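Read off the chains here:
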Number of protein chains: 2
Amino acid sequence: LAQPRTVNAARLHASLADLAQIGATEGGGVTRLALSDEDRQARDLLCDWLRQAGLIPKCDDLGNISAVRAGREQGPPVLLGSHIDTVVRGGRFDGALGVLAALETLRTLDDLGIETRRPVGLVSWTNEEGVRFEPAMTSSGVVAGRFTAAYVHDRRDRNDHRFGDELRRIGYLGDPANRPSAAAYLELHIEQGPVLESLGLAAGAVGGIVGITWNEVTITGQADHAGPTPMPLRRDALTASAEIILGVERLARERDETAVATVGRISAQPNVINTIPGTVTFSVDFRHADPAVLEELVARLRALVDEVARRRSVIANVDRFWTSEPTPFDPGVLGAIRDAGAALGIELSELWSGAGHDAKYLAEICPAGMIFVRSRGGLSHCEAEFSDPADIEVGANLLLNTALALAEVA
Amino acid sequence: LAQPRTVNAARLHASLADLAQIGATEGGGVTRLALSDEDRQARDLLCDWLRQAGLIPKCDDLGNISAVRAGREQGPPVLLGSHIDTVVRGGRFDGALGVLAALETLRTLDDLGIETRRPVGLVSWTNEEGVRFEPAMTSSGVVAGRFTAAYVHDRRDRNDHRFGDELRRIGYLGDPANRPSAAAYLELHIEQGPVLESLGLAAGAVGGIVGITWNEVTITGQADHAGPTPMPLRRDALTASAEIILGVERLARERDETAVATVGRISAQPNVINTIPGTVTFSVDFRHADPAVLEELVARLRALVDEVARRRSVIANVDRFWTSEPTPFDPGVLGAIRDAGAALGIELSELWSGAGHDAKYLAEICPAGMIFVRSRGGLSHCEAEFSDPADIEVGANLLLNTALALAEVA
């Protein structure tokens, strides 16, 4: 292994702080929705920084911004990146860390006068969050062939503003010829969960993105007066739902330690204090790295719902309406991250991502991988999101050295 | 015992059918909200019928309509009544039965040339349902001294229309001197529950109105991504709530066969499919005839909530915000109903009302009682509400003979 290199952490922290000013919230977070005025300001700053680093920012027809530092050879770059849009009152590091650590990698290569075999590039993907324009990860999705540009341009926000029109309005509707290519893709991101913290580790190599399947459960009982209906004669849709919600939790807990199940959304009808709920609908979100386990969890959910419905004389329906298959990352990229950790003397955990990232789509078109840094309290998508500067430095050094290794591979 | 008398059932059914035309819905029900144009039409029809029966309808400052058939002696009448307002898409009999069976009683007394010692009166209370103007039972409440007329006149509906203004608009803002008085009060009503049906009985004598206590439970956990948070590290406000909801059901089932507990209203925050609920609030409605049991149920709820909160590391709060004490009806009136049943050869059950009725407030100022008739499927407050004509006839005959007995008592 080559001698590990290190980034200029002070410069990285300063850039993160500067970017966090754009859309800064009173609570110490950031609101920088995709294609908003704040997004434009952030893009302008990123492009300035790229030019100051001697690079030429390019913008494609989705507003994806990329820049490439030349290598000894032609061809697609080792691409590093993430996103700079945020959720409403989100954190300072979600997305921003991956883009600015990529920038810091390019700056460090220049500082150290390093020439790589392959080019090394940076990308900032448009609308990763999907908060303003659904679905999430639209623009890496187009590059991976999941969506057409026309489909994405026609997405509308709550005020009926078109994605394509907003992209033009902020001056970032570019050329399809500028869509980024990649020999490999690497994304540094905050974990957004509590696993690294619970292990006492600063960073981890991401084994893949778990599969997700979404179900809508509807329970129909009988809405009745809360007073005159004795307990044994009730067909209460909410008590039936409560049994299923606890059963769903048990399904994940009993499966294995990586399975998760969440009932996040619930609504009762008529939702009145003195009426027994007649209808309750709720969502069930299952996540696991193994597609067979996802199938098993859904089958067990159906069996659970049927058993409760029969026993409680209610009618039940399970609608499995969306599935995102598990995406294991490239073993070669994973190995390079592990090697970088070893060279830097950093103990790494391997964990799977429970949330989606642009790397999921990139994995469909090139070897891809992700590095996570520890999130304090596991918090994310909130103003209290925080990662320690020392952990961020660890993550950036892992990114730099992994990128160097990938850029040299034959 | 005197020979039992019987009403003209065909006339009663015809009047019920006529009244049900006013505000009739496509689904076979009635929408006749308090102080609406439909309520005015129904009041006009009731007053016509009273005049045709040789009576003088009087209207008080709450819009309560009453009329009295003279007895041999002066003094307050044995008052029979209920209400003619309905919920949205309610049934044909809820309230209307009690008013029109009272009318049929007065008509029958004339038909049979019966002279009673005490006067016998009819009352139709304004705004029993409390759907348009909260709270319910406003106008019997004023007569019982629970509310002032000024308070009730200032109630506003969703469109900010004042009760008092609407009362004047429909022409039924009368004189406080016309508030009805009562030596005793008797209300025939549909059961609105399944107990009589489950017992195979047409009618029942009501022992009283159960006590009700309302609680709001708030569970605060930690909202987190559904993906990256392993099951053991979650502080899920909804799974904690589901445990409590099932525990609340168990509290009532295990207490005794008359205790009921209902979680009718629930809301989760942020209520998003891929976020672990951080906060859940839900209502708990307990009902029982014994005030000590109500206290016990609330104490057990608090213990249950504390235990679940401690075990699941969530913060919980129970706010007991409203209580309506149990109201047992007058033993003399109950005895008169039982005697009437025996004379008519009708088997009666004694059951408590789980819902509020105007009779609850009347019980505070005079001996009061209620008679229930069987509800098909226990359904009420819906278009499918139904009571068999034969059961209605049984109820009306009970009302007539109980009223006769009460009107003769020294």
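Preceding this paragraph is the structure being described.
All residue numbers refer to position in the chain's written sequence, counted from 1. Here the convention is simple: chains get letters from A, ligands get numbers from 1, in the order in which they are written. Given that this is a predicted model, residues contribute local features only at a pLDDT of at least 70 and side-chain atom pairs are listed and counted only at 80 or more, while totals for whole chains, interfaces and linings are drawn from all residues. As a rule here, side-chain values come from all non-hydrogen atoms in the structure, and water together with hydrogens is ignored.

A. Structural detail: the pattern of salt bridges. All names here are of chain A. Think of a salt bridge as a Lys or Arg side-chain nitrogen and an Asp or Glu carboxyl oxygen that are within 4 Å of each other. Here the structure, examined in full by the defined rule, presents 64 salt bridges over all chains. For aspartate 39, the salt bridge is made with arginine 43, and the minimal N-O distance between the two is 3.1 Å. Taken together, the residues span about one helical turn, with aspartate 39 and arginine 43 both in helix α2 (residues 37–52) at a distance of 4 residues. On the basis of relative accessible area, arginine 43 is assigned to the buried category, the value being 4%. As a salt-bridge pair, aspartate 48 and arginine 51 come within 3.3 Å of each other at their nearest N and O atoms. With aspartate 48 and arginine 51 both in helix α2, this residue pair falls 3 residues apart, about one helical turn. The buried label applies to any residue whose accessible area, calculated with a 1.4 Å probe on protein chains only, is under 20% of its type's maximum; exposed applies above 50%, and partly exposed to all values in between. Residue classification places aspartate 48 among the partly exposed residues on the basis of a relative accessible area of 37%. Helix and strand assignments follow DSSP, with helices taken as H or I runs no shorter than four residues and strands as E runs no shorter than two, numbered in order from the N terminus.

B. Fine view of the interface of chain A and chain B. Chain A puts 55 residues into the contact, and the matching count from chain B is 55 residues. Buried area: the accessible area, evaluated with a 1.4 Å probe, that two parts lose upon being put together, summed over both parts. Contact with chain B buries area across many residues of chain A, yet His225, Met231 and Ile273 of chain A alone supply 17% of it, more than any other trio. Where chain A meets chain B, there are 2 salt bridges. For the salt bridge of arginine 312 of chain B with glutamate 249 of chain A, the shortest nitrogen-to-oxygen distance reads 2.8 Å. A 3.5 Å cut-off defines polar contacts: any pair of N or O atoms within that distance qualifies, except that in protein one atom must be a possible hydrogen donor and the other a possible acceptor, and neighbouring residues in sequence count only when both atoms are side-chain atoms. Between chain A and chain B we count 14 residue pairs in polar contact (both at pLDDT 80 or more) in total. At the level of elements, α7 (195–199), β8 (224–225), α8 (237–255), β9 (260–262), β10 (266–269), β11 (275–276) and β12 (279–288) of chain A are the ones that each hand at least two residues to the side of chain A that touches chain B. For the side of chain A that touches chain B, the element with the highest residue contribution is α8 of chain A, accounting for 9 residues. Only heavy atoms enter the contact rule, under which two residues are in contact if any of them lie within 4.5 Å.

C. Expanded view of the packing of aromatic side chains. Two rings from Phe, Tyr or Trp (for Trp, the six-membered ring) form a pair when their centres are within 6.5 Å of each other. A pair whose planes differ by under 30 degrees is stacked, one over 60 is edge-to-face, and the rest are tilted. Applying the stated rule across the entire model yields 14 aromatic pairs over all chains. When the centroid spacing of 5.5 Å and the interplanar angle of 25 degrees are considered together, the rings of phenylalanine 147 of chain B and tyrosine 151 of chain B count as stacked. Taken together through their ring pairs, the aromatic side chains of Phe147, Tyr151 and Tyr361 of chain A make up a single cluster. Only lysine NZ and arginine CZ atoms are considered, and such an atom sits over a ring when it is within 6 Å of the ring centre and within 35 degrees of the ring normal. For the cation-ring pair, arginine 43 of chain A lies above tyrosine 172 of chain A, with the distance from its terminal atom to the ring centre recorded as 5.1 Å. One residue, arginine 155 of chain A, lies across the ring of tyrosine 151 of chain A, its end atom 3.8 Å from the ring centre.

D. Broad picture of helix α1 (residues 9–20) of chain B. Residue and element names in this part refer to chain B. For a helix, the expected span equals 1.5 Å multiplied by the residue count minus one. Between its first and last C-alpha atoms α1 spans 16 Å; for 12 residues at 1.5 Å apiece the expected length is 16 Å, and the two agree. Taken together, the buried positions of α1 are occupied by Ala9, Leu12, Ser15, Leu16, Leu19 and Ala20. Projected down its long axis, α1 shows its buried positions confined to an angular sector of 135 degrees, all on one face. Where α1 is buried, its residues contact α2 (37–52), α3 (96–111) and α12 (389–408). Comment: arc refers to directions from the helix axis out to C-beta atoms.

E. Seen up close, the side chain of serine 140 of chain B. With respect to the helices and strands, the residue serine 140 of chain B is situated in helix α4 (residues 138–143). With a relative accessible area of 0%, serine 140 of chain B lands in the buried category.

F. Inspection of the relation of the copies chain A and chain B at higher detail. C-alpha atoms of residues with pLDDT of at least 70 in both copies form the basis for the least-squares superposition of the copies. Note on the copies: chain A fits chain B at an RMSD of 0.1 Å, the axial shift is 0.1 Å, and the rotation between them is 180 degrees. The transformation just described matches what one would write down for a two-fold rotation axis. When C-alpha positions in chain A are compared against the rotation axis, the closest is assigned to alanine 242 of chain A, at 2.2 Å.

G. Summary view of the packing of helix α10 (residues 331–344) of chain B against α12 of chain B. All names here are of chain B. At a minimum axis distance of 8 Å, the contact between α10 and α12 shows a crossing angle of 125 degrees. Taken together, α10 and α12 sit at an angle that is classed as oblique. In terms of crossing hand, the pair formed by α10 and α12 is right-handed. In this structure, α10 uses Val333, Ala336, Ile337, Ala340, Gly341 and Leu344 to contact α12, whose residues at the interface are Asn397, Leu398, Asn401, Thr402 and Leu406. Classes in brief: Ala, Val, Leu, Ile, Met, Phe, Trp, Tyr, Cys and Pro nonpolar; Asp, Glu, Lys and Arg charged; the others, Gly included, polar. Partitioning the contact of α10 with α12 into residue classes produces 7 nonpolar, 4 polar and no charged. Between N-to-C directions, angles cover 0 to 180 degrees, with each direction set by a line fitted to C-alpha atoms, over the stretch in contact for helices. These descriptions rest on fixed angle ranges, namely under 35 degrees for roughly parallel, over 145 for roughly antiparallel, 65 to 115 for roughly perpendicular, and the rest for oblique. Two helices that cross are described as forming a left-handed crossing if the nearer one is turned anticlockwise from the farther one by less than a right angle, and a right-handed crossing if clockwise.

H. Main features of the pairing of strand β6 (residues 203–209) of chain B. All names here are of chain B. Most of β6 is tucked away: 7 of the 7 residues are buried. Across 4 bridges, the pairing between β6 and strand β16 (residues 368–373) is antiparallel. If you follow alanine 205 over to β16, its bridge partner there is isoleucine 371. As judged from the 5 bridges shared by β6 and strand β15 (residues 348–353), these two strands associate in the parallel manner. Each residue of the ladder has a partner; that of alanine 203, found in β15, is leucine 348. Direction of pairing for β6 relative to strand β14 (residues 327–328): antiparallel, over a ladder of 2 bridges. Paired with isoleucine 209 across the strands is threonine 327, a residue of β14. What makes two strands pair is DSSP finding at least two bridges between them.

I. Layout of the packing of helix α3 (residues 96–111) of chain A against helix α12 (residues 389–408) of chain A. Residues and elements named next belong to chain A. Running from N to C, α3 and α12 cross one another at 60 degrees; their axes reach a closest spacing of 9 Å. Here α3 lies oblique to α12, going by the angle between them. Seen along the crossing, α3 lies across α12 with a hand that is right-handed. Contact residues: α3 offers Leu97, Ala101, Ala102, Thr105, Thr108 and Leu109, while α12 offers Ile392, Ala396, Leu399, Leu400 and Leu404. Taken together, the residues of the contact of α3 with α12 break down into 9 nonpolar, 2 polar and no charged.

J. Local environment of unusual backbone geometry. The omega torsion of the bond from glutamine 269 of chain A to proline 270 of chain A falls at 0 degrees, within 30 degrees of zero and hence cis. Note that proline 270 of chain A resides in the loop between β10 and β11. Residue proline 135 of chain B follows glutamate 134 of chain B across a cis peptide bond; omega there is -5 degrees. Take proline 135 of chain B: it is sitting in the loop between β4 (120–125) and α4. Within the chain, histidine 381 of chain A stands out as a residue other than glycine whose phi angle is a positive 55 degrees. Mapped onto the elements of the fold, histidine 381 of chain A is located in the loop between β16 (368–373) and α12. Its identity is not glycine, yet leucine 35 of chain B carries a phi of approximately 65 degrees, on the positive side. Counting through the fold element by element, leucine 35 of chain B comes out in the loop between α1 and α2. Judged by its relative accessible area of 0%, leucine 35 of chain B is buried.

K. The arrangement of the side chain of threonine 229 of chain A in detail. Tracing the chain through its elements places threonine 229 of chain A in the loop between β8 and α8. Side-chain polar atoms of threonine 229 of chain A contact the backbone oxygen of histidine 225 of chain A, separated by 3.2 Å. With sequence-adjacent residues up to four places away left out, threonine 229 of chain A is seen in contact with Asp224, Arg234 and Ile276 of chain A together with Pro194 and Val260 of chain B.

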